[in-house]
Structure formats: structure tokens, C-alpha cells
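# Overview (structure and organization)
Residue-level listing of the chains:
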Amino acid sequence: MKNKIYIGLLVIAFIFQGSIFPVEARQINYKSAEFKAVASQFACTCGCGQDHYECDPNTCNLTTEFKKDLVEMMNKGWDKDKIREYYVNIYGEEILTSPEKSGFSLMAWVLPFIVLGAAAAALFFIIRKWVKKKGAEEVVVTEYENTEDEVEGEILSSMIDEERKKYL
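As the structure is a prediction and not an experimental result, all values here were calculated from the model.

## Remarks on the overall build of the protein chain
When you go through the protein chain residue by residue, the secondary structure sums to 6 helices and 0 strands. Ordered by position in the sequence, the α and β elements of the protein chain form the string α-α-α-α-α-α. Here the protein chain holds 168 residues, and the buried ones make up 15% of them. In the protein chain, of all internal contacts separated by at least 6 residues, the share reaching a separation of at least 24 is 38%. When the accessible surface of the protein chain is summed, it comes to about 13900 Å², and 62% of that surface belongs to carbon and sulfur atoms.

Printed below as a string of C-alpha cells:
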């Protein structure tokens, strides 16, 4: 019997725990890390080239309204991804400071590096081929020069021998 009473009290305490232990929702402000993470993913549309977290509210009226909206959304419980999806649906991907990692955006960021790498590899092989051709021509010239050096050496040595014979 006592066990049933204890279990009943535990069930009632569990049901009414919200009224016994009030839990307040954490209020997000402009200096919190969560706000910085959300605001820094959106580019300011005033033309300053900064994200909404870095944009100066003294010179930009757009960022003050945007920041107020972000704080309201975050205090309502919206998470970072939901807010991002909301603004991308309104403004398009142009509002993002970093592009999506899928589809055309990924190709637009990766393709230039692939093209530069392919061009560098092609340039490497072309220069290597030119150097090999030039090296083959030099070998022929070097052999010809070596034969001339040998002939000159023989002539010089014969002249020295003749001079020795004269005086010895």
C-alpha cells in the first residue's frame, strides 16, 4: 500500500514539475555566441561587404532591423538551420556569406581549382617536352664539338712533338 502511495506521489510530482520548478527560457542577446554564429552566416545587403554580425549598426539601418529579427526568431526557439532556410527562401543564396555545399554552388567553387590544376599539369608536360627536344639537339652539338676538340688536341700535340724534335 505504501509503495502505491509513493508511486502516486512521484507521478503527481512528475506531472506538475513545471509548476514546481519554473524554468525560464534563456534570452539571446547581441553579444551571445549563438547570435554570432547565426548572424555571421548572412551577408549585409547594404553593400559594405561584411556579414550582419560585423556590420556597423551606426551606419547601416538594415543591419539593426535584421539583428532585431534574428534575436526575436532565436528567442522564439528557431534554430540556426531554420533561420538560414527562412532567409534563403526570401533573398536566395546571395545573402549567405559562404555558399551551400551542394549542387551548382559546389561546382562553381571547385571547378576553377580543377581547371587551374589541369592547366598547370599541361604546362608542365609541354615544358618538359621542349626541354627534352632541346637536350637532344645539344647532345648532337656536344658530340660534334668533342670531335673538334680531339682534332685540335691532336694537332697541338703533333706541333709540340715537332718543336721538341727541333731542339732536342
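## Let's talk about the nonpolar core
If you look at the biggest cluster of nonpolar residues, it comprises 14 residues, and the most contacted ones within it are F35, V38, F42, F66, L70, I83 and Y87. Elements with a minimum of two residues in this core: α3 (33–39), α4 (61–76) and α5 (80–91). When residues of this core are assigned to their parent elements, the largest contribution, 5 residues, is made by α4. If we skip the residues at most four places from it in the chain, V38 touches L70, M74, K80 and I83.

## As for α5
The end-to-end C-alpha separation of α5 is 16 Å, in line with the 16 Å expected for 12 residues at 1.5 Å each. Buried residues along α5 sit against α3 and α4. Phi turns positive one or two residues past the end of α5, at G92, with a value near 85 degrees.

## Thoughts on the pattern of salt bridges
Pairs can form between side chains of opposite charge whenever their charged atoms are close. All chains considered together, the criterion is met by 3 salt bridges. Ionic pairing is found between R164 and D161, a salt bridge with its closest N-O pair at 3.7 Å. On the criterion of helical spacing, the pair formed by R164 and D161 is a turn pair, its members being 3 residues apart in helix α6 (residues 103–167). Linking E163 and K166 is a salt bridge whose minimum nitrogen-to-oxygen distance equals 3.6 Å. You can see E163 and its partner K166 sitting in helix α6, 3 residues apart, about one turn around the helix. For E163, a relative accessible area of 39% corresponds to the partly exposed category. For K166, a relative accessible area of 61% corresponds to the exposed category.

## Considerations on the confidence of the model for the protein chain
When pLDDT drops low, the exact placement of atoms in the prediction is not to be read closely. For the protein chain, per-residue confidence averages 79 on the pLDDT scale, and 83% of positions sit at 70 or higher. Ranking the helices and strands of the protein chain by mean pLDDT puts α5 first, with 87, and helix α2 (residues 17–20) last, with 60.

## Points about the side chain of R84
Within the secondary structure, R84 is located in helix α5. If we skip the residues at most four places from it in the chain, R84 touches Q41, F42, L96, S98, P99 and E100.

## Concerning the packing of α4 against α5
In helix packing, the relevant descriptors are the interaxial angle and the interaxial distance, both defined with respect to the helix axes. Between α4 and α5, the least distance of the axes is 10 Å, while the angle of their chain directions is 135 degrees. Overall, the two elements α4 and α5 adopt an arrangement that is oblique. In this structure, α4 crosses over α5, and the sense of that crossing is right-handed. Listed contacts from α5 to F66, D69, L70, M73 and M74 of α4 are I83, Y86 and Y87. The residue makeup of the contact of α4 with α5, split by class, is 7 nonpolar, no polar and 1 charged.

## Thoughts on the packing of aromatic side chains
Inspection of every chain in the model, using the stated rule, returns 7 aromatic pairs. When the centroid spacing of 5.5 Å and the interplanar angle of 70 degrees are considered together, the rings of F42 and F66 count as edge-to-face. Here F42, found in the loop between α3 and α4, pairs with F66, found in helix α4; they are 24 residues apart in sequence, far enough to count as distant. On the basis of relative accessible area, F66 is assigned to the buried category, the value being 6%. Here the aromatic rings of F66 and Y87 are separated by 4.6 Å at their centres, their planes lie at 40 degrees, and the arrangement is tilted. Here the residue F66 occupies a position in helix α4, and Y87 occupies one in helix α5, the gap between them amounting to 21 residues. One aromatic cluster is present, formed by F42, F66, W78, Y86, Y87 and Y91 through successive ring pairs. Over the ring of W78 we find K82, and its NZ or CZ is 4.7 Å from the ring centre.

Conventions used here
- Residues numbered from 1 in each chain as written.
- Predicted model: local features only at pLDDT ≥ 70, side-chain atom pairs only at ≥ 80, totals over all residues.
- Heavy atoms only, no water.
- Helix = DSSP H or I, 4+ residues; strand = E, 2+ residues; numbered from the N terminus.
- Buried < 20%, exposed > 50% of the residue type's maximum accessible area, 1.4 Å probe, protein only.
- Contact = heavy atoms within 4.5 Å.
- Areas by Shrake-Rupley, 256 points an atom, 1.4 Å probe, with all protein chains shown as cover.
- Core = buried A, V, L, I, M, F, W, Y, C linked by side-chain atoms within 4.5 Å.
- Expected span 1.5 Å × (residues − 1).
- Salt bridge = Lys/Arg side-chain N within 4 Å of Asp/Glu carboxyl O.
- pLDDT = per-residue confidence, 0-100.
- Axes fitted to C-alpha atoms, helices over the stretch in contact; angles between N-to-C directions.
- Parallel < 35°, antiparallel > 145°, perpendicular 65-115°, else oblique.
- Left-handed = near helix turned anticlockwise from the far one by under 90°.
- Nonpolar A, V, L, I, M, F, W, Y, C, P; charged D, E, K, R; others polar.
- Phe/Tyr/Trp six-rings, centres within 6.5 Å; stacked < 30°, edge-to-face > 60°.
- Lys NZ or Arg CZ within 6 Å of the ring centre and 35° of its normal.

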